Amino acid sequence: MGRFTRKSKDEIGRAPDELFFRGDKKIKNVRLRVIDFDSDQFEEVSISKTKEAIKYKDKESVTWFNIDGLHNAEAMRNIALSFELDHLVLADVMDTHSRPKVHDYDNCVLVSIKMMQMNEETGLISVENLSIIIMKTVLISFQERDGDVFDPVRERIKNAKRRIRKSGVDYLMYALLDIVIDNYIYIISNLGEKIEAIEGKLLENPSKETLDQINLLKKELNFLRKNINPAQEMILALSKLDSEFINESSLVHFKELVGNINQAVESSDSYREILSDQLNIYHTTISSKLNDVMKFLTVFSVIFIPLTFIAGIYGTNFDVVPELKYKYSYFIMWGVMIVIAIGMLIYFKRKKWL
Amino acid sequence: MGRFTRKSKDEIGRAPDELFFRGDKKIKNVRLRVIDFDSDQFEEVSISKTKEAIKYKDKESVTWFNIDGLHNAEAMRNIALSFELDHLVLADVMDTHSRPKVHDYDNCVLVSIKMMQMNEETGLISVENLSIIIMKTVLISFQERDGDVFDPVRERIKNAKRRIRKSGVDYLMYALLDIVIDNYIYIISNLGEKIEAIEGKLLENPSKETLDQINLLKKELNFLRKNINPAQEMILALSKLDSEFINESSLVHFKELVGNINQAVESSDSYREILSDQLNIYHTTISSKLNDVMKFLTVFSVIFIPLTFIAGIYGTNFDVVPELKYKYSYFIMWGVMIVIAIGMLIYFKRKKWL
Amino acid sequence: MGRFTRKSKDEIGRAPDELFFRGDKKIKNVRLRVIDFDSDQFEEVSISKTKEAIKYKDKESVTWFNIDGLHNAEAMRNIALSFELDHLVLADVMDTHSRPKVHDYDNCVLVSIKMMQMNEETGLISVENLSIIIMKTVLISFQERDGDVFDPVRERIKNAKRRIRKSGVDYLMYALLDIVIDNYIYIISNLGEKIEAIEGKLLENPSKETLDQINLLKKELNFLRKNINPAQEMILALSKLDSEFINESSLVHFKELVGNINQAVESSDSYREILSDQLNIYHTTISSKLNDVMKFLTVFSVIFIPLTFIAGIYGTNFDVVPELKYKYSYFIMWGVMIVIAIGMLIYFKRKKWL
Amino acid sequence: MGRFTRKSKDEIGRAPDELFFRGDKKIKNVRLRVIDFDSDQFEEVSISKTKEAIKYKDKESVTWFNIDGLHNAEAMRNIALSFELDHLVLADVMDTHSRPKVHDYDNCVLVSIKMMQMNEETGLISVENLSIIIMKTVLISFQERDGDVFDPVRERIKNAKRRIRKSGVDYLMYALLDIVIDNYIYIISNLGEKIEAIEGKLLENPSKETLDQINLLKKELNFLRKNINPAQEMILALSKLDSEFINESSLVHFKELVGNINQAVESSDSYREILSDQLNIYHTTISSKLNDVMKFLTVFSVIFIPLTFIAGIYGTNFDVVPELKYKYSYFIMWGVMIVIAIGMLIYFKRKKWL
Amino acid sequence: MGRFTRKSKDEIGRAPDELFFRGDKKIKNVRLRVIDFDSDQFEEVSISKTKEAIKYKDKESVTWFNIDGLHNAEAMRNIALSFELDHLVLADVMDTHSRPKVHDYDNCVLVSIKMMQMNEETGLISVENLSIIIMKTVLISFQERDGDVFDPVRERIKNAKRRIRKSGVDYLMYALLDIVIDNYIYIISNLGEKIEAIEGKLLENPSKETLDQINLLKKELNFLRKNINPAQEMILALSKLDSEFINESSLVHFKELVGNINQAVESSDSYREILSDQLNIYHTTISSKLNDVMKFLTVFSVIFIPLTFIAGIYGTNFDVVPELKYKYSYFIMWGVMIVIAIGMLIYFKRKKWL
């Protein structure tokens, strides 16, 4: 299946509110973690039944439900029931192939964005869809598998003195999105290091591996750009969203996000240009090396051509070839040949062909 | 006739309300299917005379007329009469070469879009114009031939519990357009698979067939882009349309369509870039292979050049060539030749020319 | 003079209301044709003196003045006088090199657009400036020469039942512009056919003629694009114009024009991309053919190089060359040579160099 | 110093109202010419002291001060004093390297634009900054040197019947800007002629000179575009300026300017594309010629290779070479050689390698 | 670490108000300089403790705090305390990798921009983040190291007569930004000089060094563009900012900045295009030189090929070769060879292959 777009026959024509999972099942069981906090208290539990979630729903404190695994339509139906969410909302969440987006529903705001991770060894970037629903005091985050990048946020929540403990769900959402985008920049900066490291090799001794590396980096950068460019649009829309669930005091943070995502997009654009330039430099260097070789070899051959011709002349079997009789002819021939060879060498040197 | 634009002399200067069919006749007889439903009842009939349609016109329930074949001006005139549609509207419907568009007429909304299908064998994409007219309780869809992609919608309508049974014509139109756009993404993802499958061949052993395939895919992608890019504009206009025939509650669905069509356009852009990169990689690989061959052959020739020259020297017929008399000369010559050849090989190896 | 922009020293610094003809005189005498009609009557006359036009000015019926030839400042002055038009307006009309534009003057609206025609034989596109002035009941069209593309409109006017007979000058203007734009699309579709016809030749047997044809088509397409791109802007401005001379009921038609001109622009963009791709394919095919030839020739030469060397060895005149004495040496040499040649052939085949 | 941007260390950090001349001093003495007119009278004088200008300041008639040379800060200070202009305004005028701009000051409007001239011999374009200040009844134009393109305007002013005599300073400013932009188009059309003249040479017999010419024209076009593109923005801003010094009746003229500058920009874009295409055609033609030569030479060499090999075979000195004894061998050898050569020629012809 | 984007794992997930320094520590100790002035007095002191700053806070006069070094979180906390600034603001200041931006906080406006410096020897551009906070009467500027470009402003402040002494903090901010942007233009003009200096070498005798220089300049220009393009957005936002800390009378200056930054961006775009063209010219020149060499060498070899063949013919040892017996054969052979060589030379000359 295509890495950039995937759609099977099966997915066509589904109703928009059908709880149908589009994507690859990446985890076996759905997992649910709850963090509940306000400025005074903090609680972290792992619950197994989605129905248990209901008791957090109407609490005044901020509650963050983190759900790993989206493939279970039954679990989703329970969540919809517990939080009085329209099936439309959860169908959106289950469509992991959709573009990053902000939807302002009647009783919640849905934000979805691509979470990216780079395999440090292969350099390949993997993508996972992250959906966040915020309501009055509840934030639900949906991930395709367990393991995420949100530990720094959890740490900050545990610390009673941090701003996050005194803020609402909107600030929590900001904190999560901030980490996602910081990860974009981290990956770009990672790619960037590799790209800039190529520079040195390029000018000295470019090999086929250098080229393969450039092409690989180009492909990964393309893949990354395909995922973060729509996020830019989404973050901008979010920063302008007029919703009851987002306090005006949080807007300054969302503006910060706009700045960060713009930086990510611009950096990826810069690196794309650099890769293009590197490809050009590679080709130039390679072809200039080849040209040098071919020029050298050609000049070398050309020098022998008249000499071989002269030897051929005196290899003829004519009855009368006066030079053949003369005692010193052979040595004169060598002399003439050496003069011709040196003359040509000087000529080629002067013309800068050697 | 051009595949991208077609206009014959004959089509120039027609009045905008003349019922003149522009396009290729793709079906012999016009066919009319009616599906009538509300939350309580469901009826599906095939009628042969367009005039019979009139009885559905003022029913409270939602009625979907599906008309296959547009070339019959007489039938069109009847439809115009039955539904009190201006000739302008139906002339628009019959112009199958026009751009995707939304027109907000006095008593109806006309939407037209390109429906695409990919021949699984040849990989060629075919296009058909789809026009949809919605009125208070009536949706009329016009296709150029029979056979379509709307069966999933018909299934959903048959199921009394589905949202579509409780919704109006606007939701029905959304459902149809959604399938059309899902098909775009399906085709793109199909092309995408083929494009990504080329990658492997490209680096190992690119052949002329690989190149032809890239060029073919490029042409199909261009064709696709030409048809879906204007649809993007149209869907955006539709999502902002302020019409009595579209309920505000449907706007969330039309926004979803905007997201989908954007995804389609962006994916096709990504694949276009990938194809460009593949072309470059192809050329680089091919030319680097050729260079290797030429370099090898040249080096090979160059090694023999001084050897042949030496043989030539001792093929001369001078009376006095001292070396010729010496007993071991022939063997010494062989020795010198071998030394020269090995010396050159080592030199070329060191210079990395071999 | 440049085909894309022309400006002589002489044209610089003229007052904006000076009746100065900028362009090439393409016709000897100015010709004036009048069509006057309403839903009840129709009259068509050719008048020689511009002053006679005055009697149509205040009639209730729609009057279309068609003026061929703009170079006569005297005639222009009479027209200005007859219709109480500012000299500014007519100076605009006489500047045939200006961009397509809409100007909303106090007592009239001026529209100017490029009319294009393709010479069916040479494939060259020629351009003529068309200016249309509309007032309450009068439309004046100015062309640079006689012979135009408006006959279908004249036919429709003659037919008393057609919508055009019941409509005003704005509808008449729409009908004229519609034909102009339809002609754009016709020319593009014509170019398009030629462009797509090249495809076949490209892959089989591209010749220098194919290349020249591509370059010619590219130039014509550029020329066309240069003329229709500004028209897009103009038509859009026209569709948004708030003027007393344009009825709201005509806006739907002007919107149609926007769609058509957009289609023209997009098609020309598509064909431009196709031409670029074709150029690339041409170069790839040509260079791949050349490479095949050169590779074959080089391989051929390389096979003879060691053989000639061996012959050279036994052409030396050393007193002692043991092989020379042996009876079967000559035949063994042949054998060795054949083995070497076949060995090399096999090696090259395996390496896919042949 | 760079031709596209110039900035010396010295210019950094100056106060915005410091009367510091940035640019090259192009004229020795500052010169001041005054034209004063209304519909009834006309006066033209040359004054040497800027202080004398003051008497024209409060006249009802329109007064045009034309100042050549900006390097004299003292003179500038006098002008500022005479016309009660802020130093900011005149510092702007003296910064000849700034972008074209419109500034709406409290008691005046400042417009600056690049005036361009093409050296008819070298084809090089030179640029001069023109600043225009308009107040109630006074227009001051500042040029870097004497000699300008405004004579046609002066002529029009002398003629009492012309519109310019009855109009205000805004119309005068329009007339000056109109000439400047007409000159842009004139230069573009001039470059255009040269560009289109290259076309012929390109296909027949492209030489190194053709390439140099294309590169030169490209550089000049770039230079021109760099100067007129910002002017487009400025003219647009001017046409939308809401100032007391510009009558609404003049807006139609400023709109005309917008059309003209757009035409200039679009034409320069077209020519830029044409130059790119020409470069491509040049390279294609050159490389196809080279390929033909190399192919011919290679084929020529290849034909002799087997022949020389055969001669080599019979140059060997084996005791037993049966063919050598046969009487007609030599002639047979010639026959075989001719057959081989002709055979190869036919083969190469068939393969279209010759 | 990447030069274009840098992000370490460590930086991800920090709270937006955490005083965490992102960047390289470029200076050991934090330094604080205070300039306090109004139209009557002027004072300049260097203070070591940030707490001492507090006494300037509520003075009516304008106070400029210049802080070099941002890595000290403790010092930052003191500043936050002294000036009642939110931690958010100072955390922004300490993030030296962020994009140029304007933030309008409750009690201050924060502006950050990249300050650039060019190493005159290596031609490498270094970047430093400059943050400026303005409040009612206080401007605080933060730099990463000591040494800056603001001396001209300090000079202007010392001079009691200058406008800056009578203006507020907004004018002071303008003056600082103006210098930063002037430095951009200075660097661009510096690069520009180098770029234009390459032109000469390019056409005469392009060497590998020329290419390396072009690539280096391209990289620096890219780096520069990456830093100034976002500044353009920021300056535009600043010029439209509606803040209590910016007087309307200063807007004209900020508009001037917009003009300057636009000029910088456009110039860098122009030079980028020129560099691209130069790269093309370089490749063309190099490849045309190579082609000339190869053509010459090939022609040279080709001339000897038939001559060597002829010599080979008469080197054969056939018993009967009639020509061998004839007395003048050898001389005739020479004659024929010379005729052939000259004939080929003439042929190649005529064909323009030499």
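Above this text you will find the structure in question.
Residues numbered from 1 in each chain as written. Chains lettered and ligands numbered in written order. Predicted model: local features only at pLDDT ≥ 70, side-chain atom pairs only at ≥ 80, totals over all residues. Heavy atoms only, no water.

1. Things to note about the sheet that holds strand β4 (residues 101–104) of chain E
All names here are of chain E.
Here's step 1: Spatially, the seven strands line up as an open sheet ordered β2-β1-β3-β7-β6-β5-β4, and their pairing is mixed. One side of each edge strand has no neighbouring strand; the edge strands of this open sheet are β2 (42–47) and β4. Between one strand axis and the next, the sheet turns by 20° as a mean value, whatever way the strands run.
Here's step 2: Across four bridges, β4 lies against strand β5 (residues 109–118) in antiparallel orientation. Looking at the pairing, Val102 lines up with Val111 of β5. (Pairing = 2+ DSSP bridges. Helix = DSSP H or I, 4+ residues; strand = E, 2+ residues; numbered from the N terminus. Axes fitted to C-alpha atoms, helices over the stretch in contact; angles between N-to-C directions.)

2. Details of the pattern of salt bridges
Residue and element names in this part refer to chain C.
Here's step 1: Evaluated as defined, the whole model comprises 96 salt bridges over all chains.
Here's step 2: Between Asp151 and Arg154 there is a salt bridge; the shortest N-O distance is 2.9 Å. One end of the pair is Asp151 and the other is Arg154, both in helix α4 (residues 151–158) and three residues apart, which spans about a single turn.
Here's step 3: Under the relative-accessibility criterion, Asp151 is labelled partly exposed at 46%. (Salt bridge = Lys/Arg side-chain N within 4 Å of Asp/Glu carboxyl O. Buried < 20%, exposed > 50% of the residue type's maximum accessible area, 1.4 Å probe, protein only.)

3. Here's the deal with the sheet that holds strand β1 (residues 31–37) of chain C
Residue and element names in this part refer to chain C.
Here's step 1: In space, the seven strands of this open sheet follow the order β2-β1-β3-β7-β6-β5-β4, with mixed pairing throughout. Taken across any chain shown, the strands that pair with only one partner, and hence form the sheet edges, are β2 (42–47) and β4 (101–104). Taken pair by pair, the neighbouring strands of this sheet meet at an average axis angle of 20°, ignoring direction.
Here's step 2: Here ten bridges tie strand β5 (residues 109–118) to strand β6 (residues 125–134), and the two strands are oriented antiparallel to one another. Bridging across to β6, Met116 finds its partner in Val127.

4. Let's talk about the packing of aromatic side chains
Aromatic ring pairs are reported here in terms of the distance separating the ring centres and the angle at which the planes meet.
Here's step 1: As enumerated under the stated definition, the model contains 97 aromatic pairs over all chains in all.
Here's step 2: When the ring of Tyr171(A) is compared with that of Tyr174(A), the centres are 5.5 Å apart and the planes differ by 55°; the resulting orientation is tilted. Highlighted residues: Tyr171(A) and Tyr174(A), both in helix α6 (residues 169–204), separated by three residues, approximately one helical turn.
Here's step 3: In this structure Tyr171(A) comes out as buried when scored by relative accessible area, which is 3%.
Here's step 4: Each ring, one from Phe65(B) and one from Phe83(B), has its centre 5.0 Å from the other, and the planes form 70°; the classification is edge-to-face. One end of the pair, Phe65(B), is in strand β3 (residues 62–68); the other, Phe83(B), is in helix α2 (residues 73–83), with 18 residues separating them in the sequence. (Phe/Tyr/Trp six-rings, centres within 6.5 Å; stacked < 30°, edge-to-face > 60°.)

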